[in-house]
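Structural description and commentary
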Amino acid sequence: MDSRPLGRTGTTVSEFIFGAGAIGGIGSSPATREHGLSSDQGLARLDEVHDLGVTVIDTADAYGGGESERTVGRWLAKRQITGTLVATKVGDAIRPDGGVGVDLSPAHVARQLAQSIERLGRVDLYLSHAPDPDTPVAQTIAAFTQARTDGRIRAYGVCNVSAAQLEEILAAADRAGLDRPGWVQNGMSLLARSDERDVLPLV
């Protein structure tokens, strides 16, 4: 499998990555827990993608109520595979009513990163799951920059952003002298191509 540089992060990734969002549930919603792959099925899929040459496993702290991260962590610990990168996300927060909100406050980022490292063993690539309208962008960027400075992550990126939101993030990072995100993870398919107009040119 071919490899690609991940932006300017200094990290090389496989051309394809494995999304572990269906292990223990489907995504972050409590309503879809246990509707995805079981832990054993997830371990089997992880073995398969490793054999195909995939070197990046993508998960999130909220997927399957944490079961996705726990399963990936068990796989990494059991297989002792070198060269595999672990990417996880922060931000999805379960509200008291069972819905999913977004929290990218520095305290939440630090707390969830510690939990993700405990589950996974390490976090190489860290992502914000979605923009947080209630936390100043500079505060979130500072939290990610501190995590990289402290050696807890290699680099960070952002998910599910519009061009305007990405411009705001880049400008805030430059104003404060903080790390810019190293990559963008947005949804894109033959039916969802709007990013071609503005996000991709900006990237």
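Conventions adopted
- Residues numbered from 1 in each chain as written.
- Predicted model: local features only at pLDDT ≥ 70, side-chain atom pairs only at ≥ 80, totals over all residues.
- Heavy atoms only, no water.
- Helix = DSSP H or I, 4+ residues; strand = E, 2+ residues; numbered from the N terminus.
- Rg over C-alpha atoms; globule rule 2.2 N^0.38 Å.
- Buried < 20%, exposed > 50% of the residue type's maximum accessible area, 1.4 Å probe, protein only.
- Contact = heavy atoms within 4.5 Å.
- Areas by Shrake-Rupley, 256 points an atom, 1.4 Å probe, with all protein chains shown as cover.
- Lys, Arg positive; Asp, Glu negative; His and termini not counted.
- Charge placed at Lys NZ, Arg CZ, Asp CG, Glu CD.
- Pairing = 2+ DSSP bridges.
- Axes fitted to C-alpha atoms, helices over the stretch in contact; angles between N-to-C directions.
- Parallel < 35°, antiparallel > 145°, perpendicular 65-115°, else oblique.
- Left-handed = near helix turned anticlockwise from the far one by under 90°.
- Expected span 1.5 Å × (residues − 1).
- Core = buried A, V, L, I, M, F, W, Y, C linked by side-chain atoms within 4.5 Å.
- Right-handed = clockwise from strand over helix to strand, strands pointing away.

1. Regarding the overall build of the chain
From N to C terminus, the chain includes six helices and ten strands. Radius of gyration (C-alpha) of the chain: 16 Å, near the 17 Å computed for a compact globule of 203 residues. Across the 203 residues that make up the chain, the buried fraction comes to 45%. A fraction of 70% describes how many contacts in the chain between residues 6 or more apart in sequence connect residues 24 or more apart. As presented, the chain carries roughly 10300 Å² of accessible surface, and 52% of it is formed by carbon and sulfur atoms. Side-chain charges of the chain comprise 20 positive and 26 negative groups, with the mean position of each set lying 3 Å from the other.

2. Here's the deal with the sheet that holds strand S9 (residues 155-159)
Strand order in the open sheet formed by six strands is S3-S4-S5-S8-S9-S10, with parallel pairing between adjacent strands. Each edge of the open sheet is held by one strand with a lone partner, namely strand S3 (18-19) and strand S10 (184-185). Sheet contacts for helix H4 (residues 137-149): strand S5 (85-90), strand S8 (125-128) and S9; angle to S8, the most-contacted strand, approximately 170°.

3. Things to note about the packing of helix H3 (residues 106-120) against H4
A pair of packed helices can be characterised by two numbers: the angle between their axes and the separation between those axes. The interhelical angle for the contact between H3 and H4, taken along N-to-C directions, is 30°, at an axis separation of 8 Å. On the basis of their axis angle, the class for H3 and H4 is roughly parallel. Crossing handedness for the pair H3 and H4: right-handed. Of the residues in H4, those touching H3 at Pro106, Val109 and Leu113 are Gln139, Ala143, Phe144 and Ala147.

4. Some remarks on helix H5 (residues 163-176)
Here H5 contains 14 residues, and its C-alpha end-to-end distance of 20 Å stays within 8% of the 20 Å for a straight helix at 1.5 Å per residue. Taken residue by residue, H5 has Ala163, Leu166, Ile169, Leu170, Ala172 and Ala173 as its buried positions. One or two residues past the end of H5 sits glycine 177, with phi positive at roughly 70°.

5. Side note on the nonpolar core
Phe18, Ile57, Val72, Trp75, Val109, Tyr126 and Ile153 are the most contacted members of the largest nonpolar core, which totals 33 residues. Every element with two or more residues in this core is listed here: helix H1 (39-51), helix H2 (67-79), S5, H3, H4, S9 and H5. Broken down by element, the residue count for this core peaks at five residues, all from H5. With residues up to four places along the chain from it excluded, the contact list for valine 72 reads Ala20, Leu46, Ile57 and Leu120. Formed by ten residues, the second largest nonpolar core is a distinct cluster that contains Leu6, Val56, Cys159 and Trp183.

6. Considerations on the pairing of S5
Where burial is concerned, most of S5 is hidden: six out of the six residues are buried. Burial along S5 is two-sided: Leu85, Ala87 and Lys89 facing one way and Val86, Thr88 and Val90 facing the other are all buried. Strand direction decides the pairing type here: strand S4 (residues 56-58) and S5, joined by three bridges, are parallel. The residue bridging isoleucine 57 from the neighbouring strand is valine 86, located in S5. Taking the sense of rotation as the criterion, the β-α-β connection linking S4, H2 and S5 turns out right-handed.

7. Structural notes on unusual backbone geometry
Notably, glutamine 80 is not glycine yet its phi reads approximately 50°, a positive angle. The residue glutamine 80 is located in the loop between H2 and S5 in this model. You can call glutamine 80 exposed: its relative accessible area is 62%. Here the phi dihedral of asparagine 160 falls at roughly 55°; this positive angle occurs in a residue that is not glycine. Secondary-structure assignment places asparagine 160 in the loop between S9 and H5.

These figures come from the coordinates and say nothing about function on their own.
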